[in-house]
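Read off the chains here:
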Amino acid sequence: MQRRNRLSRSRDFDAVYRQGRSTSTRFLVLYWFEREDGPAEARLGLAVPKAAGNAVARNKIKRQLRELWGTRLEQIPPGRDYVLIAKPGLSEAVLANGFDWLGERVDEVLGKAGA
């Protein structure tokens, strides 16, 4: 996933949280917000709380989620900012069920968001 497809500033995250909509599944929460600056590419911010595991587990989840997001980028509507939040227990579930299972969870939350 390229840098132009990432949220990095705190104010961008805040805008998505405050003005956006959300949906959730057992392991993921997705917030999204329609940007007013025109039809630019979709951007993603990731939030993996400390409750999701140690630093190694959190970084692994972030890498996996970025990879999955990059493969789905063409199907995601442009002009939106997204924040994907991992809930506690996700890293253990991915270890038990595999990377493809995580892809299904991402598809599930995107489907609920109408993306």
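Shown above is the structure to which this text applies.
Attention in this report is confined to the structure presented alongside it. Note that the coordinates shown come from a computational prediction; the quantities given were computed from them, not determined experimentally.

Strand order across the open sheet formed by 4 strands is E1-E2-E4-E3, with mixed pairing between neighbours. In this open sheet, the two strands that pair with only one neighbour each are strand E1 (21–24) and strand E3 (43–47). Mean inter-strand twist for the sheet, computed between neighbouring axes without regard to direction, equals 20°. Across 7 bridges, the pairing between strand E2 (residues 28–34) and strand E4 (residues 80–86) is antiparallel. If you follow Phe33 over to E4, its bridge partner there is Asp81. Helix H4 (residues 99–112) rests against E1, E2 and E4 of the sheet, and its axis sits at about 40° to E2.

All right, on to the pattern of salt bridges then. Applying the stated criterion across every chain, the model contains 8 salt bridges. Among the salt bridges present, the one from Arg105 reaches Glu104, with a minimum N-O distance of 3.9 Å. Residue Arg105 is classed as buried on the basis of its relative accessible area, which comes to 18%. A residue is classified by how much of its surface remains accessible, and Glu104, at 46% relative accessible area, is partly exposed. Within the structure, one salt-bridge network assembled from shared partners comprises Asp12, Arg35, Arg43 and Asp81.

Moving on to the packing of helix H2 (residues 55–72) against helix H3 (residues 90–97). In contact at an axis separation of 10 Å, H2 and H3 are set at 65° when each is read in the N-to-C sense. One finds that H2 runs roughly perpendicular with respect to H3. Viewed along their axes, H2 and H3 form a crossing whose handedness is left-handed. Contacts between H2 and H3 pair Ala57, Lys60, Ile61 and Gln64 from the former with Leu90, Ser91, Val94 and Leu95 from the latter. Among the residues forming the contact of H2 with H3, the class breakdown is 5 nonpolar, 2 polar and 1 charged.

Conventions we followed
- Residues numbered from 1 in each chain as written.
- Predicted model: local features only at pLDDT ≥ 70, side-chain atom pairs only at ≥ 80, totals over all residues.
- Heavy atoms only, no water.
- Pairing = 2+ DSSP bridges.
- Helix = DSSP H or I, 4+ residues; strand = E, 2+ residues; numbered from the N terminus.
- Axes fitted to C-alpha atoms, helices over the stretch in contact; angles between N-to-C directions.
- Contact = heavy atoms within 4.5 Å.
- Salt bridge = Lys/Arg side-chain N within 4 Å of Asp/Glu carboxyl O.
- Buried < 20%, exposed > 50% of the residue type's maximum accessible area, 1.4 Å probe, protein only.
- Parallel < 35°, antiparallel > 145°, perpendicular 65-115°, else oblique.
- Left-handed = near helix turned anticlockwise from the far one by under 90°.
- Nonpolar A, V, L, I, M, F, W, Y, C, P; charged D, E, K, R; others polar.

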